[in-house]
Each structure stands twice: as C-alpha cells, then as structure tokens.
Number of protein chains: 4
Amino acid sequence: MREIRQPGAYHYVFSRYVEPIARVASGETVTIYTEDAFESRITSAGDRPSEVLGAYLNPQTGPIYVEGAEPGDTLAVRILGIEPTRDWAVSAFIPYFGGLTSTRLTRTLQEPLPERVWVYRLEGEMLTCTPRLRFPWRPFMGTIGTAPELEAISALTPFDHGGNMDVPDVRPGNTVYLPVRVPGALFFTGDCHAGQGEGELCGVALEITAKVTVRFDLIKAKPIAWPRIESADELMAVGSARPMEDAARIAYAELAGWLVELGWDRWEAYEALTQIGGLYVGNMVDTYYSLVAKIQKRYAFAEQAGG
Amino acid sequence: MREIRQPGAYHYVFSRYVEPIARVASGETVTIYTEDAFESRITSAGDRPSEVLGAYLNPQTGPIYVEGAEPGDTLAVRILGIEPTRDWAVSAFIPYFGGLTSTRLTRTLQEPLPERVWVYRLEGEMLTCTPRLRFPWRPFMGTIGTAPELEAISALTPFDHGGNMDVPDVRPGNTVYLPVRVPGALFFTGDCHAGQGEGELCGVALEITAKVTVRFDLIKAKPIAWPRIESADELMAVGSARPMEDAARIAYAELAGWLVELGWDRWEAYEALTQIGGLYVGNMVDTYYSLVAKIQKRYAFAEQAGG
Amino acid sequence: MREIRQPGAYHYVFSRYVEPIARVASGETVTIYTEDAFESRITSAGDRPSEVLGAYLNPQTGPIYVEGAEPGDTLAVRILGIEPTRDWAVSAFIPYFGGLTSTRLTRTLQEPLPERVWVYRLEGEMLTCTPRLRFPWRPFMGTIGTAPELEAISALTPFDHGGNMDVPDVRPGNTVYLPVRVPGALFFTGDCHAGQGEGELCGVALEITAKVTVRFDLIKAKPIAWPRIESADELMAVGSARPMEDAARIAYAELAGWLVELGWDRWEAYEALTQIGGLYVGNMVDTYYSLVAKIQKRYAFAEQAGG
Amino acid sequence: MREIRQPGAYHYVFSRYVEPIARVASGETVTIYTEDAFESRITSAGDRPSEVLGAYLNPQTGPIYVEGAEPGDTLAVRILGIEPTRDWAVSAFIPYFGGLTSTRLTRTLQEPLPERVWVYRLEGEMLTCTPRLRFPWRPFMGTIGTAPELEAISALTPFDHGGNMDVPDVRPGNTVYLPVRVPGALFFTGDCHAGQGEGELCGVALEITAKVTVRFDLIKAKPIAWPRIESADELMAVGSARPMEDAARIAYAELAGWLVELGWDRWEAYEALTQIGGLYVGNMVDTYYSLVAKIQKRYAFAEQAGG
C-alpha cells in the first residue's frame, strides 16, 4: 500500500491555493502520516504551551488530489485504521483556550487558567498519565476535510468542508462523506487523537502522531452540503457553527435531508428524529462548535410498507 | 404504597406560592399520577394544537412537601418505575415551537410549519404510529423539580431547580438530585414521555399519562447548585441555559465540582472530563436548552493511589 | 400629587402573588419612591459587595394596582420626572457578574475580577468619582414592568413584562408601554440610574435612590407582546433574550409589528427598518440581554400617498 | 489624484493569495472604484435574486499594496469622500438571508420569505423607492479590510481583519484603523451603501456603485487586534463574532484596551465604559455579527489629574 508523508512544510489551512502532495484514484487505499496538533513541540510536563507554540497550529497532511473528483461529487473516506507512531500522547491547558475559560472570541478581563501539560504513556491499549488519568486507546482523526471553493480556512476551524470537527465518530470502521468543491477534492487530514471525551472540554485531546489508513471512493454528481458519517449501525450528520444551537439545527436538518434522500417524507423524518435521534457535542472549544446528529440504521431503513 | 393524585387544578409553575397536595417522609416511596403535557387535550390526528391548546401547558402534579427538608439540603429522588395509564402516546407539531422552526424567542417573519398530530398506539413494549414511526417504550419524566426560593417558574422552563429538562436519563433505575430551596422542598413532576430522542427535535416527545414510583431521600446540609443524576454506571450534571454553550459550560462545571467533592484535584478533573466525559443534548426546544455532562463511575471513582 | 412609598418589605419578584401597595386611576399622576439596586447596602469604597449583598437584590416598589386594567389592555406610563433622593450614586464590580467576566450562567473555572466600589458625588448636573470618572446626570428607571400572568419573575430579569431592562430610554419625557396580563396590571418600578452607558458593561450603573413621577394611562383592549417606548421623535421596541441576536430579532419584529398596526405593509416595514432603523444594546449583563430597536417618527408616520 | 479600478476579475476573498492591483505609498490619497454587492446583476424590481445571483458575491476592489507595510503595523485609512457612480441604489430580500428569517446557518424547515427587489432613485441627497421608502444619502463602505495572515476569508464575512462589517461609521470624515498582517497590508474595499440602518435588518442595504477617496497612513510597529474607527468626536472598536454577545465583548474589550494604551487604568476604563460607552449593532445578518463600542473623546481624553 502506498504511504503518503508531507514532503515539505505542513499546511495550516484547507485551501485550493496549495499544491497537491499526492494523487490517488477513486477506490484506492493509502496510508497517511500525520503530525500532532502542536507539530510535536510539546513533549514534557515542563513545557509551557504559550512559549513553545506559535501562530501556526494543527498542521495538516495534504492536499491529496483524488483523480476524477469534480465539484458536485461526494468523497467517501473509509477509515480502515489508525496506528500510533509514537508511544505517548499529550494534552495541555493553553491560556485563553478551552471550554471552561474565556477565550479570544468569548472575551473577559480575567486572568487565564494555569498552563499545564499532561503527558500520557501509551502501553498496549491504555494511556496513562496519573493513577486517575488512565484511559483506553480510542483513536480518531480530529481534523479531516476537503478544500473550500473559495476560502482558505484555518486548520483550527470546522465548517461545512469538514476540518477541525473533533468528532470521535471519525474513527476506524466508519466512513466520512465530504463535499467536493474543487477539482480533485483536495483532501487534508491530521490532528489524530488517541482518545477524547465529548466536547473536548479543555480544548486539547490526547494528541498523537499517527498513520491512518483510508480508502477513497467518489460518489459522482451527488453533492452534500455538510459532512456525514456512516458507521455499521448509524447515519450521522455534523454541523459546525456558533452559537451551539445553530450547529445542532444544521446537524439535524442535514440528517433529515439524508432521510428524505432515502425516501422519507420530510415531516415523518422530523418526527422520527424527535423520538429516536441522537445529538452529542463533538467539540465546544473550536472556532465553531461541532454537533453530531444521528439515527440508527434500523430506523432509517425501516420499510415504509409492512414495517 | 401511597398514591398521590392532583386533588384539584394542576399547577403550571414551580412555585412556593402554592399549597402542598401531600406530605412525605424522607425514605418514603410513593406513586404519583401525572397528566400529559397537553392535559390530554390532543387525542387524535385531526386535532389542531393551535385550537385545542391554550396558555396553560405542561400541568404538574405537586407540590409534595418532604418532611424535614430545609434550604441547603439536597433531595434525592430515586425513580423506581414509570407505568403508562393509557395505551397511546401523542406527539405534535405546534406552530412556532420546536427545534427546526422559528419560535416566539427566535423570531422570524416566516410562516409556521404545518400543524400535525402523531398518535402512537402502545402495545407491549412498542409504540406505533406508522410503519416507519415505530419505537420502543423508553419512559422517563420530562419535568421534575423543586420550588425556587423566590420565583415562580413556568412548568415549560428548565433551570437550576430542575423543571422541564426533557432529559432521557430521568428514567427508572436512576436517581435525580435536586436542590432544596424552600422548606419542604416542594417537589413537582409531570410530562412523562414514553420515549424521546436527544434534543426533542420537534418539541414534543411521545407524551403520555403515567404513574411514577419514586423514593424520596434527604441529604441534609449538602447543597447543590444544579440538578444531578446518578445511574448504575454514570454520574451526570444537567445545565439549562441559552445559548446552548452556556448550558454545556454549566453542565461540565457542575460535574467537575462533583468530582472535586469526591476528592479530585480540580485541574485533574478538568483534564479527565476532557478525555472521557460525555455531553449530549436533552432538549433544544424549551425556553432554556438542557445539556447533560457525564462520566462513568469507574473513572470518577478511580483510586488516586495505585490506580 | 400622591406619593407612594413601599410600606413594608420590598419585592424581589414581578408577581401577581403579592398584595398591591397602592391603587391608582387611569389618567392619574403619582410620585413613587425607589430604593437602589443594593437596597443601599453599598455606601463606601471600602465595602465588599460579596459580603454586604445577599440573594435579595434589586428591590422594587409596588405592586401598584391600576383601576380598570384588565388582561389584553396596554398600560402607558409617561415618565414626567426623576429626582435623586440622595447626593451620591454608586457603581461596583461584583464577583462573577458583568459583561467582561465569566458569570453564573457563562461559567468558567477562572478567578473573578477584583471587587471594587465606585462612589460618585452628585453636584448640580454632574456625578464625580475620580477626575476621569465624571459624567452628567442622565437619569432613567432601570427596572419597570407589570406582573406576568403566571410566573413570578426575579426583579433581576428583563423579559416581555418589562422588568430589569436597563434601557436608558426609560427616561423623563418618554412613555413606556407595558402589557397588562393580570387584573390591575400590578405595576412595579425601581433601580433608578443616575446614568448608564449602552450595555451597562460592568453590570452596575450609577445606582441611586430616587423619586419618579409618572402618569398612568390605560389603552383598553389593545394588547402588546413586548414593551415599547415612545419619545418625542422615536418609536422603540425592547426585546430581552439570550443569545443577544434573539433579543435583536424580537425588538425588530415587534417594531415591524407596530408599523403594521400604523398601516404599513409588513414587507415595506421590513425594508424601512433595514435602511433607517436603530438598534442599540441596553444591557449585556442581566439574565436576559435587552436590545432596543427604533425608528424616527418622521419615517414611521410618513404618508403612504404623496410622500 | 490617482484612480484605482479593478483591472480584471473582482475578488471574493480577503487573501494574500492574490496579486495586488496597485501600490500606494504611506501618506498617499487615491480614489477607488467599487462595484455593488451584487456586481450590478440586480437592476429592476422584476429581477429574482435567487436566479440572477450565484455563489460569487460582494466583489472587492483590491488588493492594494501599501509600500512599507509590515506585519505588526497598523494601517490608518482616512475616508475623505464617497461619491455615487450611478443614480440608483438597490435593496432586496434574498431567500434564507437576513435578520428576520431562518438562514443557511440558523436553519429551519420553513419556507423562505418572498423575494423582493427595491430600487431607489438617487436625486440630490435623497433616495426614493416608494412614498414611504424615502431616505437621505448617508454613504459608507460596507466592506473594508486587509489580508489575513493565513486564511482567505470570504468577502461576505467580517472578522478581525475588517471585511464585511456593514458598520455605518465607516463613512467620510472618519478614519478606520486596520491590522497589517502581511507585507503590503493588501487592502480591499467594496460594497458601498448609500445608507443603512443599524443591524442591516433584511441583509441588504442601499447598495450602490461608487468611488471612494481615501488616504493611507502607516503607523509603524503598533499592532491592533481588531478594527478601530475614529471620528471627530468618538473612538470606536468593532467586534465581529457569533453569538452577538461575543461580538459585544470583543468590541468593548478592545475599546478598553485602547483606553489603556492612552494611559488609563484598566479598571477605571471598565467603569467608564459602563457609565458612558455606546454599543450599537452594525449588522445582524452576516456570517458574523458586527457590534461597535464607542466612547466620546472628551471622556477618553479627560485629564487624569486636575480633571
């Protein structure tokens, strides 16, 4: 299988303005190496994030040009595996960043929370920092997306192209559907997490370098407006916006639209999602918040007649 | 076991200004009869909610005076069972109410969505409306709370007293912890749901009349600021606010506080919730949105030393 | 002219559950004495708000029963004058309260801002605290409203009954229109400010005790949904909600509705407010934010024909 | 004086990725021709915006390279004049865009508002559409900014680089201060409005083609984080974010910072803005909302000693 590494500098935007680092065919499976969100500049409990980090964060591997992809297509990315490429992960409290602090966008005059670095050792299937901070290996890609039509969007931002959604369901076994907005789709990914709770509360998950194995498939002439995810059992849509209720509305409206594509009446879909839908917070810390709406396939694919 | 029914008119506010309908002792188990959110005025697909409903909605059974309860205590309500008292449930689209419509508070000049009533037959463990709208019996109490110190809060509103949270984890097997703010706590409940998805998308779950069996226990001189829930496996805190990120912050800040009460360092708690916490939307339709933050007990009670 | 003073304890809720302290006729003018928002417990720079303040804040004078007022009427309150009843005003930084700090509803784990009390001397038309903190006398009533139909709403909260709007246009010369939701309207007021900027940034204006002279007039059988204000030159509507855009939508939607009542086509009104409307922030610190939408009368009353 | 016209295609992003169309010296005055927000595709009441408009909106003239500008400088843009280059302006209701409708980001399942085009004739100092829709000429630049360091930001978006703020104080006589984030600053402007109310309620002001005369001055090595405006009498800061309270916090925090730069103690500044600050809504319709905080110079420059 082909391995793709970033040949020169990483990218910090999802953008059509940069040259592809590789070209893949629809149906092809590749392994992609990713840096961690800090470009591996935080390595020990003694590091101070505010000193070692600069403006360039969340480096992405890409863009990868998918042969034949054209605006209006959908890119299906099947995640086959995520493997760590080092035996430790790192989390940190960064000044004025996170869910329980004022931030650059939610401004106050208060002092920041204390800086803090948490280094976890990865052994077998467990990550351990302190006796209490001991969690299982549950890897996923924090950032994944395609190039926007016009904008160059910061790798820190999730939006309708995917991006920094920090949604744990972007994990092995699942398929992520992304809109194609430029020729070749221009796929980027990075920011793998060894694990993360819903909301990514302090703003930094268990950050790790990794190699991810994905298969790309094009769905021709079938556009989607926002990212979707399919697992063995569920259909999901991801909305990213502020305030958080706007993200929730987007996620559920897109999921209702997916049901309509599957043959549902829109009002019956609205009612079904009311009674059986799921809605969790992927992140409450990024420049937009990401929420995931979902429905189990056994309801989504229930027969109209005969039940 | 004692059965409590509303003797006269129902209450539409959580309030100290109304007379208790019953008095219970700490440690007592009772069965309480509840009306549905529409006071059973919507009964068939031909009803028009805008015509049959008035301003008085979500009738509550109560207040129930808990002997010995004083401000600063916490009331533990163990939910032992919820049984339907009729064989059907009802959902509806109500003009300018719900998650994918403009509302009284999120105003637009658009026309409302079409009105619609969905009647479900309850047979065994299944509720059926149409071949596709067929869901299992997963009952919980949509509204549960105590009287505020000063205000009389509409039964449609969730806040720090509990109230109309529409959180599916308020279900049999779980214990809800509520603040005691007035003598006797003045407990109210109602609005039982035969089932509901996360977010309660259209604004109306599977509304049903029911009898709920609960056990009341007082935890003396141990105040809580917002409702908490404990299941066999999880600790949860519920925040209700707008915008939704404020509810998320409240829920996680309260849960972090709970961990600190259990002996955690607050920064270690912040880190743990980042990596292993859960965060889902109870409702995205009420006057405040309710979010639930949670952590599994096996992490919350992990030993500090020895791991 | 009749003078109205609170005979016993002040009220901390807008509520139908309390007994009127006075009865007035439609068309009557009265003078009402008001306490300051802290019930005069903060008097010097050395006071610590967190120590001298309790849970009971923003005391209101009332309720005043307006003879003949019935649900569905509108109460017009013409503000004829506001006079100080002491020669100083006070502002303060209160922990976890204000526009540039985390709060009880917008929670973070950060430390609060420093407490601080600012005492201003009132001499002639000027209030002076320090050489730089020297502002003109621009008095208005921070809190004004009627009793809700069902709820008892905290005197700290602005909503559709009026309440703690902190809108500088509630000032002498202007008329405030309030909904009548219970017999007698049950009018309350308090929280006079010697002056305040838009937004009431730190949460505490130039708080003062005062006597206000108002004239009450009933407009029979003409309900309004949210408070309105009329000045010599402008028509205004006040929306109070969170997030702030919901308050903005309410304010402009109500003002558009007012134009429609005046004979405008609703789309022409929407267009006119786009091009000539005003929209400022009354408060960004209370439990709901209050925004004021306005239009100059010369546009509102422009002739349809002939221009 | 030099005249600058867009030589080829307009730009729809604020971006470093595009070639400058002109170079100017610090201290130079130029006249810039601007298109309207629709690239002049809506010309009559019979046009349907949804048919004539595509994805490419709000064309900008630029980038203009300012000689000597380096990251960390501030670009002062003195607006000397705005003249119309045609005798009509146009406003419109665009489906799912505006302040009193659901939108692409605030999603509902409702039908859109009716489309509508409003053409105004400009005669002398008045714009007239109907007898009631008749407003004075109050021109300003809706969109103005510099290139971001990394991102390419849609010309529809206001943020910390300026952009589509739709703030009426960007008008002749005032000076706009913009951050320099890339060499040459890369200035863009467009979207002139013949007038607009606060909030830009329906989303479309009185759109016009124009020529603007501006003078560029560099302030070396003095960075600002967000745009500022200075008029003859006032200092202003503009925050753009969602929800609206985040924009308000940014605007006031930046203005407080400006006062600190002028020698104020930060707490005295916080107090002063509470009592004498202004806060209005520029737009409540764009991808971020823009709020303007302000203080009169006579307060900002009050003497510390002697007062």
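Above this text you will find the structure in question.
We now turn to the structure provided with this report. (Residues numbered from 1 in each chain as written. Chains lettered and ligands numbered in written order. Predicted model: local features only at pLDDT ≥ 70, side-chain atom pairs only at ≥ 80, totals over all residues. Heavy atoms only, no water.)

1. Comments concerning the relation of the copies chain B and chain D
Line of reasoning, step 1. When chain B is fitted to chain D, the residual RMSD is 0.0 Å, and the transformation amounts to a turn of 180° plus an axial shift of 0.0 Å. The two molecules are tied by a two-fold rotation axis, judged by turn and shift.
Line of reasoning, step 2. Here 100% of the contact residues of chain B are again contact residues in chain D; the copies associate through an equivalent surface. (Least-squares fit on C-alpha atoms with pLDDT ≥ 70 in both. Contact = heavy atoms within 4.5 Å.)

2. Some details on the sheet that holds strand S9 (residues 126-128) of chain D
Line of reasoning, step 1. Reading across from one edge, S7-S8-S9-S10 (chain D) is the order of the four strands in this open sheet, with antiparallel pairing throughout. Across the chains shown, the open sheet's two edge strands, defined by having one partner strand only, are strand S7 (88-93) and strand S10 (134-136) of chain D. The mean angle between the axes of side-by-side strands here comes to 25°, regardless of whether they run parallel or antiparallel.
Line of reasoning, step 2. Two strands pair when backbone bridges link them, and S7(D) and strand S8 (residues 116-123) of chain D are joined in this way by six bridges, in the antiparallel orientation. The partner of Ser91(D) across the bridge, within S8(D), is Trp118(D).
Line of reasoning, step 3. Strands in contact with helix H3 (residues 266-276) of chain C are S7, S8 and S10 of chain D; relative to S8(D), the strand with the most contacts, it is inclined by about 50°. (Pairing = 2+ DSSP bridges. Helix = DSSP H or I, 4+ residues; strand = E, 2+ residues; numbered from the N terminus. Axes fitted to C-alpha atoms, helices over the stretch in contact; angles between N-to-C directions.)

3. Section: the packing of aromatic side chains
Line of reasoning, step 1. Scanning all chains against the criterion turns up 48 aromatic pairs over all chains.
Line of reasoning, step 2. Between Phe93(A) and Tyr270(B) the ring centres are 5.0 Å apart and the planes differ by 50°, which places this aromatic pair in the tilted class. Here Phe93(A) is found in strand S7 (residues 88-93), whereas its partner Tyr270(B) is found in helix H3 (residues 266-276) on a different chain.
Line of reasoning, step 3. Seen from their ring centres, Phe14(C) and Phe188(C) are 4.9 Å apart, and the 55° between their planes marks the pair as tilted. Of this pair, Phe14(C) sits in strand S2 (residues 13-14) while Phe188(C) sits in strand S16 (residues 187-193), and the two are 174 residues apart along the sequence. Residues Phe14(C) and Phe188(C) agree in their burial class; the two are buried.
Line of reasoning, step 4. Of the aromatic side chains, those joined through ring pairs into one cluster are Phe159(A), Trp226(A), Tyr288(A), Phe159(D), Trp226(D) and Tyr288(D).
Line of reasoning, step 5. Over the aromatic face of Trp264(D) sits the side chain of Arg132(C), whose NZ or CZ is 4.7 Å from the ring centroid.
Line of reasoning, step 6. For the cation-ring pair, Arg5(D) lies above Tyr33(D), with the distance from its terminal atom to the ring centre recorded as 3.8 Å. (Phe/Tyr/Trp six-rings, centres within 6.5 Å; stacked < 30°, edge-to-face > 60°. Buried < 20%, exposed > 50% of the residue type's maximum accessible area, 1.4 Å probe, protein only. Lys NZ or Arg CZ within 6 Å of the ring centre and 35° of its normal.)

4. Observations concerning the relation of the copies chain A and chain B
For the pair of chain copies, the relating transformation is a rotation about an axis with a translation along it.
Line of reasoning, step 1. If you rotate chain A by 180° and push it 0.0 Å along the axis, it lands on chain B with an RMSD of 0.0 Å.
Line of reasoning, step 2. By residue overlap, the copies meet face to face through one surface: 100% of the interface positions of chain A are interface positions in chain B.

5. Describing the pattern of salt bridges
Line of reasoning, step 1. Enumeration according to the criterion identifies 80 salt bridges over all chains in this entry.
Line of reasoning, step 2. Linking Arg121(B) and Asp87(B) is a salt bridge whose minimum nitrogen-to-oxygen distance equals 3.4 Å. Residue Arg121(B) is located in strand S8 (residues 116-123), and its partner Asp87(B) is located in the loop between strand S6 (74-84) and strand S7 (88-93); the two are separated by 34 residues in the primary sequence.
Line of reasoning, step 3. On the accessibility criterion, Asp87(B) (39% relative accessible area) is partly exposed.
Line of reasoning, step 4. Here the salt bridges do not stand alone but share partners, grouping Arg48(A), Glu51(A) and Glu115(A) into one network. (Salt bridge = Lys/Arg side-chain N within 4 Å of Asp/Glu carboxyl O.)

6. Observations regarding the packing of helix H2 (residues 244-261) of chain A against helix H2 (residues 244-261) of chain B
Line of reasoning, step 1. One can describe the packing of H2(A) onto H2(B) by two numbers: an axis separation of 6 Å at closest approach and a directional angle of 105°. Comparing their axes, H2(B) and H2(A) come out roughly perpendicular. Facing Met244(A), Glu245(A) and Ala248(A) of H2(A), the residues of H2(B) in contact are Met244(B), Glu245(B) and Ala248(B).
Line of reasoning, step 2. Across the contact of H2(A) with H2(B), the residue classes break down as four nonpolar, no polar and two charged. (Parallel < 35°, antiparallel > 145°, perpendicular 65-115°, else oblique. Nonpolar A, V, L, I, M, F, W, Y, C, P; charged D, E, K, R; others polar.)

7. Notes on the interface of chain A and chain B
Line of reasoning, step 1. In this complex, chain A contributes 65 residues to the contact, which on the side of chain B involves 65 residues.
Line of reasoning, step 2. Interface of chain A and chain B: buried area, both sides summed, is about 5,400 Å²; carbon and sulfur atoms make up 62% of it.
Line of reasoning, step 3. Area buried by chain A at its contact with chain B is led by Arg132(A), Tyr270(A) and Gln275(A), which between them contribute 17% of it.
Line of reasoning, step 4. At the junction of chain A with chain B, the criterion picks out zero salt bridges.
Line of reasoning, step 5. Counting every contact that joins chain A to chain B gives 35 residue pairs in polar contact (both at pLDDT 80 or more).
Line of reasoning, step 6. Breaking the side of chain A that touches chain B down by element, the ones donating at least two residues are S7, strand S8 (116-123), strand S10 (134-136), H2, helix H3 (266-276), strand S20 (278-283) and strand S21 (289-296) of chain A. (Buried area = accessible area lost by both parts, 1.4 Å probe. Polar contact = N/O pair within 3.5 Å; in protein donor to acceptor, adjacent residues only side chain to side chain.)

8. Here's the deal with the interface of chain B and chain D
Line of reasoning, step 1. Contacts between chain B and chain D engage 14 residues on the former and 14 residues on the latter.
Line of reasoning, step 2. Summed over both sides, the interface of chain B with chain D buries roughly 950 Å², with 61% coming from carbon and sulfur.
Line of reasoning, step 3. It is Leu100(B), Leu109(B) and Gln110(B) that lose the most area in chain B upon contact with chain D, and together they represent 53% of the buried surface on that side.
Line of reasoning, step 4. Joining chain B to chain D, the criterion identifies zero salt bridges.
Line of reasoning, step 5. The tally of links from chain B across to chain D stands at six residue pairs in polar contact (both at pLDDT 80 or more).
Line of reasoning, step 6. Split into classes, the residues belonging to the side of chain B that touches chain D amount to six nonpolar, five polar and three charged.

9. Some remarks on the pairing of strand S11 (residues 140-146) of chain A
Residue and element names in this part refer to chain A.
Line of reasoning, step 1. With seven of its seven residues buried, S11 lies for the most part within the structure.
Line of reasoning, step 2. Of the pairings in the sheet, the one linking S11 to strand S14 (residues 162-163) comprises two bridges and is antiparallel in character. Note that in S14 the partner of Gly-145 across the bridge is Gly-162.

10. What about H3(C)?
All names here are of chain C.
Line of reasoning, step 1. Across the 11 residues that make up H3, a large majority, 10, are buried.
Line of reasoning, step 2. For H3, the full list of buried residues reads Trp-267, Glu-268, Ala-269, Tyr-270, Glu-271, Ala-272, Leu-273, Thr-274, Gln-275 and Ile-276.
Line of reasoning, step 3. Two to three positions downstream of the cap, the backbone nitrogen of Trp-267 sits 3.0 Å from a side-chain oxygen, assigning the N-cap of H3 to Asp-265.

11. Notes on the side chain of Thr61(C)
Residues and elements named next belong to chain C.
Line of reasoning, step 1. One can find Thr-61 in strand S5 (residues 61-66).
Line of reasoning, step 2. A distance of 2.7 Å separates a polar atom in the side chain of Thr-61 from the backbone oxygen of Tyr-33.
Line of reasoning, step 3. Apart from residues no more than four positions distant in its own chain, Thr-61 is found in contact with Gln-6, Tyr-10, Ile-21, Ile-32, Tyr-33, Thr-34, Phe-187, Phe-188 and Thr-189.

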